[in-house]
Structures are given as C-alpha cells and as structure tokens.
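Fold and geometry: a report
As a plain string of letters, each chain reads:
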Amino acid sequence: MTDFSSIYGPDVSAFSNPTPKSVSMLLRPAIELYPEDSIGRFLHLVRQCGSREIPVQSHGKLVGSISQTILFELLRTANSWDDCDAINQPVSDFMTVPSAIASADMSLETIVEIGRASNILEIPVVDFENYLLGTISLSDILAPDYNPHYPSNVGGMATPFGVYLTNGNVRGGVNDLAIIASGAAMGCLLLISGAIVKGLAHLAAPILHLPSISILDLDDVPPPGHVMQGFISILLKLAIFFIFVLLLRFSRISGFHAAEHQTVHAMERGEPLIPEIVNRMPRPHPRCGTNIMAASILFFTLLQTFQYVPGLNEIGILPAGLFTWYNWRRFGTFLQQWFTTRPASPKQLLSGINAAAELQAVYMRVPPSRIRPLRKIWLMGIVQSATGLILVTGLASYIESIWTVHAR
C-alpha cells in the first residue's frame, strides 16, 4: 500500500478540513409543486416532507406558496373527514405570496434574519430572474459539524497535465489549453495506431496472398458481396482500436483518468478527499465517455459484420442494437479497468484531489445559479478536446496531401 505520508507529509488533514457553510452548500432541491397540481398532491407532499409551507413553481419560476393553514378552510367546508371535494381543486386556488424569499447572493446571516422575521423555517431561494433554485432550511444553517458537501453531477476529463473537473456551472483543475492538449494527444495516438496497422497490412498483404483490395483505405467499406474484403476491413479497424487503447494504457493520460474517476467516486460518496480514501475508490465510472466509445465500437462493428452474413445483412441493425444495448456498459467497464485507466501515481491522485478542492471552493464561493446549456457544453471540455483532435488530424492530413503531391 502506498505510504502517502512520505509524499505529502505526516499531516494530510488539510484535504478533509470542513468547508465554511454557504448558500450553495446548504441549498436543498425544491419540492416540485405546480399551480395545476391538486390539493391532494400538496397534502401528500406535506406528509412526505413535513414542510409547513411549500413553494409553487411554474416553468422553473417561483409563482407563490401554499401553507398547511389551508387545512382549516378545507375542514370547514367538508361534510366529513372522508368527504372533502376541495382536495381535487388546483393548488392555484389556494396559493399565496411566499411568506419569505431569499436571493442566491444573500449571506446565511441575512437568510436567518428573514426566517426569524417571517417565522418560516424553510425559505425558497431564487436567482435574479426569479427562477427557483431550491430552499434553505434554518435547521441546516444552525446544525453543527455539517458533513462535507460536494457539487452534484460532477464530471471531468483527464489530460496529459492533470485532472479537470466541472459540475456544468463551475470548474476546477487544469485550464483549457491542457484540455486541447488532451484532444491533440488522442489524435496523435489515433494516427500512430493507424500508421502501425497500415504498415503491418502493407507488409502482410503479399505474404498472406490477401485479395486485391484497397486494404490501406480504411475509410472505405467493401460492398456486401465481397465477404473476405469486408472481414479484413473489420479486422483492420479493430486492430487500430486495440492498438489505440493499448497506447492509451501506457500514456500519462490513463493515470490521470483513474485519478479523475476515483476523485469523483469519493465526492459522490461524501468521503473526505484524503489520498488514502480516494486511492481505494474504483477506477471505472458509469458516466465515463469510454462507455460511449464502447457502445459505438460494439454497434458499428456488429452492424458491418452482419452485412457479410447471409440472412442478416438486411436486418443486422436489430441484433446489433440489441446486443449493444445489453452489453455496452460491461464492455465499457472492461475497457476502463484494463485499458483507458491504470493505477494512478500519488502525484496523479493529488492532481484529482486538488481539482476537486478547487471546484468545491469555487462552488461554495459563487452564488448558486441555473446551469446554462451553452456554458455547460463549454465546461464539459468537449469543444476544447475536439479542437485539439481536429488540429492534429487536420495537420496530418495536410502534410500527407503535400507529401503525395511531391511524390508524384
């Protein structure tokens, strides 16, 4: 087992120090109650959560609230306990202006004063456009020793220079240049894999007396009638994929990839971010992009294979889709465990922990807000990574075209 104290020093408690309370830390998801809902649903929610007053939202915006005090009116108009027609009426007939509202940029002290003045224990929190972000409970503010709280739905990316993490609103870890470098590194590995397979195929073709096909043009798919050519094309593409993930396994990225997943696992389980605990977390993660790659490889490989199998060439999409549906996650987990990640070094693990600490610090400091789609896409790093990939493959294609022209 790794002795982390020899690397970070005997005191690693700084990784698990409690974070000061903030609105972002204590914000609870708002109960989903809408104006068109029935009073019966409201009463059911009251029974579930015990809240005295529940905010009402429409299209994400706070439009009112409804309190248990309406029960007195309902019981006055009912003929019996079991005969209360009002429970089928819409919430909109009974909702009122919220007794208290807090904005996302308020301090906890201000929210406590608002709750005390209005005698409300759970206060809705809105942004500057009146969108309901959640609720703050005064009991959470006053409760001592609050457990570590991390952003939800954290994802990230491994780069050659460290770990990147985001929740779609804020970020932590390496910068955009490192993410671009990650895409460029992937492009280089793909080009190297393709070059290796093409070189081996070129050497093997005359020795194995392979049929006369455009074996080096891996983008072409032989027509269904050319069975041998079709299977050779499939094998060559699988060989490129295998060499690609093998090269990835021995690159720096795979270690950072493991650190990224292990850090996210620790955050999702509410564990303190100390190296000994993070190092015990599993390397595969169900939301990893490797699973998408696994699904694509399974589906398109099977689909192309079935084109050359009599009786399946017309309906191949169905068995290919079913097999992929039931096996893509298992295949993705296998790829993550043995190829796209490897045991992280202590320094790589520290990169993941530092990225998480930075993400959490920003998350606690910045007032809560809705996740904007365009900002989320940018923070996911896909655009930056794709930019690096396109730059490398585009440059390689340009050099190849210049080389071809001069060779003629």
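Residues numbered from 1 in each chain as written. Predicted model: local features only at pLDDT ≥ 70, side-chain atom pairs only at ≥ 80, totals over all residues. Heavy atoms only, no water.

With that settled, the discussion passes to the sheet that holds strand β8 (residues 171-173). Within the open sheet, the 3 strands sit side by side as β6-β7-β8. Their pairing is antiparallel. The sheet terminates laterally at β6 (155-159) and β8, the two strands that pair on one side only. Between one strand axis and the next, the sheet turns by 15° as a mean value, whatever way the strands run. Two strands pair when backbone bridges link them, and strand β7 (residues 162-166) and β8 are joined in this way by 3 bridges, in the antiparallel orientation. (Pairing = 2+ DSSP bridges. Helix = DSSP H or I, 4+ residues; strand = E, 2+ residues; numbered from the N terminus. Axes fitted to C-alpha atoms, helices over the stretch in contact; angles between N-to-C directions.)

What follows covers the packing of aromatic side chains. The full count for this structure, using the stated rule, is 4 aromatic pairs. Between Phe242 and Phe339 the ring centres are 6.0 Å apart and the planes differ by 75°, which places this aromatic pair in the edge-to-face class. In this pair, Phe242 sits in helix α8 (residues 227-249) while Phe339 sits in helix α12 (residues 317-340), placing the two residues 97 residues apart along the sequence. With a relative accessible area of 44%, Phe242 lands in the partly exposed category. Classification of Phe339 as buried rests on a relative accessible area of 14%. For the ring pair Phe334 and Phe339, a centre distance of 6.0 Å and an interplane angle of 65° mean the geometry is edge-to-face. Members of the aromatic cluster, each reached through a chain of ring pairs, are Phe242, Phe334 and Phe339. Here the basic side chain of Arg370 rests over the ring of Tyr131, its NZ or CZ set 3.5 Å away from the ring centre. (Phe/Tyr/Trp six-rings, centres within 6.5 Å; stacked < 30°, edge-to-face > 60°. Buried < 20%, exposed > 50% of the residue type's maximum accessible area, 1.4 Å probe, protein only. Lys NZ or Arg CZ within 6 Å of the ring centre and 35° of its normal.)

A few words now on the confidence of the model for the protein chain. When pLDDT is averaged across the protein chain, the result is 88; 87% of the residues are at 70 or more. Confidence scores differ between elements of the protein chain, with helix α1 (residues 5-8) showing the lowest mean pLDDT of 51 and β7 the highest of 98. Between residues 9-16, whose pLDDT stays under 50, and residues either more than four places distant or in other chains, the model counts 12 contacts. Here residues 212-216 scores under 50 on pLDDT; set against residues more than four positions off or in separate chains, the count is 9 contacts. (pLDDT = per-residue confidence, 0-100. Contact = heavy atoms within 4.5 Å.)

Pairing between side chains of opposite charge can happen when their charged atoms approach one another. A complete count under the given rule lists 8 salt bridges for this structure. A salt bridge links Arg370 to Glu129; the shortest N-O distance between them is 2.3 Å. Of this pair, Arg370 sits in the loop between α13 (346-365) and α14 (373-379) while Glu129 sits in the loop between β4 (122-126) and β5 (132-137); the two residues are 241 residues apart in sequence, bridging distant segments of the chain. Taking relative accessible area as the criterion, Glu129 reaches 31% and is therefore assigned partly exposed. (Salt bridge = Lys/Arg side-chain N within 4 Å of Asp/Glu carboxyl O.)

Structurally, the position occupied by Arg283 is in the loop between α10 (275-278) and α11 (289-306). Buried and without a salt bridge, Arg283 has Glu260 as its closest oppositely charged side chain, separated by 12 Å. At a separation of 2.5 Å, a polar atom in the side chain of Arg283 contacts the main-chain carbonyl oxygen of Gln337. Filtering out sequence-adjacent residues up to four positions away, Arg283 remains in contact with Ala258, His261, Gln262, Gln336, Gln337, Thr341, Arg342 and Pro343. (Lys, Arg positive; Asp, Glu negative; His and termini not counted. Polar contact = N/O pair within 3.5 Å; in protein donor to acceptor, adjacent residues only side chain to side chain.)

Along helix α3 (residues 39-49), the positions that sit buried rather than exposed are Ile39, Phe42, Leu45 and Val46. Seen from one end, α3 has its buried residues packed into an arc of 115°, which puts them on one side. Opposite the packed face of α3, turned more than 90 degrees from it, sit the exposed residues Arg47 and Gln48. Backbone geometry just downstream of α3 places Gly50 in the positive-phi region, at approximately 75°. (Arc of directions from axis to C-beta.)

So, on to the side chain of Thr340. The topology assignment puts Thr340 in helix α12. Taking the relative accessible area as the measure of exposure, Thr340 reaches 2% and is therefore buried. Separated by 3.5 Å, the side chains of Thr340 and Thr290 make a polar contact. Discounting residues that sit within four places of it in the chain, Thr340 has contacts with Leu248, Ser254, His257, Thr290, Met293 and Leu335.

This part covers unusual backbone geometry. With phi around 55°, His59 is a residue other than glycine that occupies positive phi space. With respect to the helices, strands and loops of the structure, His59 is situated in the loop between β1 (53-58) and β2 (61-67). For Asn153, which is not glycine, the phi dihedral falls at a positive 55°. The class for Asn153 is exposed, based on a relative accessible area of 62%.

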